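If you want the building blocks of each chain, they are given just below.
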Amino acid sequence: MDTTATQILKVAALNDAARQNAANYTATRGVMALSDITISDIFVTVQEFTAFTEDNDPYGEHDFGSFTIDGQKVFWKIDYYTQDLSGGCDPLDPHCRRVITIMLAEEY
């Protein structure tokens, strides 16, 4: 496996771990305006998301997903920041802070 493919697999694994532990989730006002049950279902669906395809994950980094729940189209996206959130960060930097933003598709 070449270096680029190895790096992509590492980024995907780090993204999966961040998403699965739900430590750095942030949700938009539209998501937070839904019922508590729907919000919980959305967070669990993001946490358990595995439906990566060529269409929604063309680079193989597992940094975006979408699904429909209770008639709402939902997107989630992972962005990479420094620990103090002052700027962007290389996703392979050991100090990279991943922030998972969850939003309604209509808010994108």
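Residues numbered from 1 in each chain as written. Predicted model: local features only at pLDDT ≥ 70, side-chain atom pairs only at ≥ 80, totals over all residues. Heavy atoms only, no water.

Novice: Even after reading the chapter, I still don't get helix α3 (residues 36-48), so can you show me in this structure?
Specialist: In an α-helix, one turn spans 3.6 residues, which is why side chains three or four residues apart end up on the same side. An ideal rise of 1.5 Å per residue puts 18 Å on 13 residues; α3 measures up with 18 Å between its terminal C-alpha atoms. By the burial criterion, the buried members of α3 are Thr38, Ile39, Ile42 and Val46. In an axial view of α3, the angular spread of the buried residues amounts to 100 degrees, which keeps them on one side of the axis. Exposed positions of α3 whose direction lies more than 90 degrees from the buried face are Asp36, Ile37 and Glu48. Packing partners of the buried residues in α3 comprise α1 (3-21), β1 (25-27), α2 (29-32), β2 (64-69), β3 (72-81) and β4 (97-104). (Helix = DSSP H or I, 4+ residues; strand = E, 2+ residues; numbered from the N terminus. Expected span 1.5 Å × (residues − 1). Buried < 20%, exposed > 50% of the residue type's maximum accessible area, 1.4 Å probe, protein only. Arc of directions from axis to C-beta. Contact = heavy atoms within 4.5 Å.)

Novice: Sorry if this is basic, but what is going on with the environment of Leu85 here?
Specialist: Of note, Leu85 is situated in the loop between β3 and β4. C-alpha separation for the pair Leu85 and Arg97, spaced 12 residues apart in sequence, amounts to 7.7 Å. Beyond its immediate chain neighbours, meaning those up to four positions away, Leu85 contacts Arg97 and Val99.

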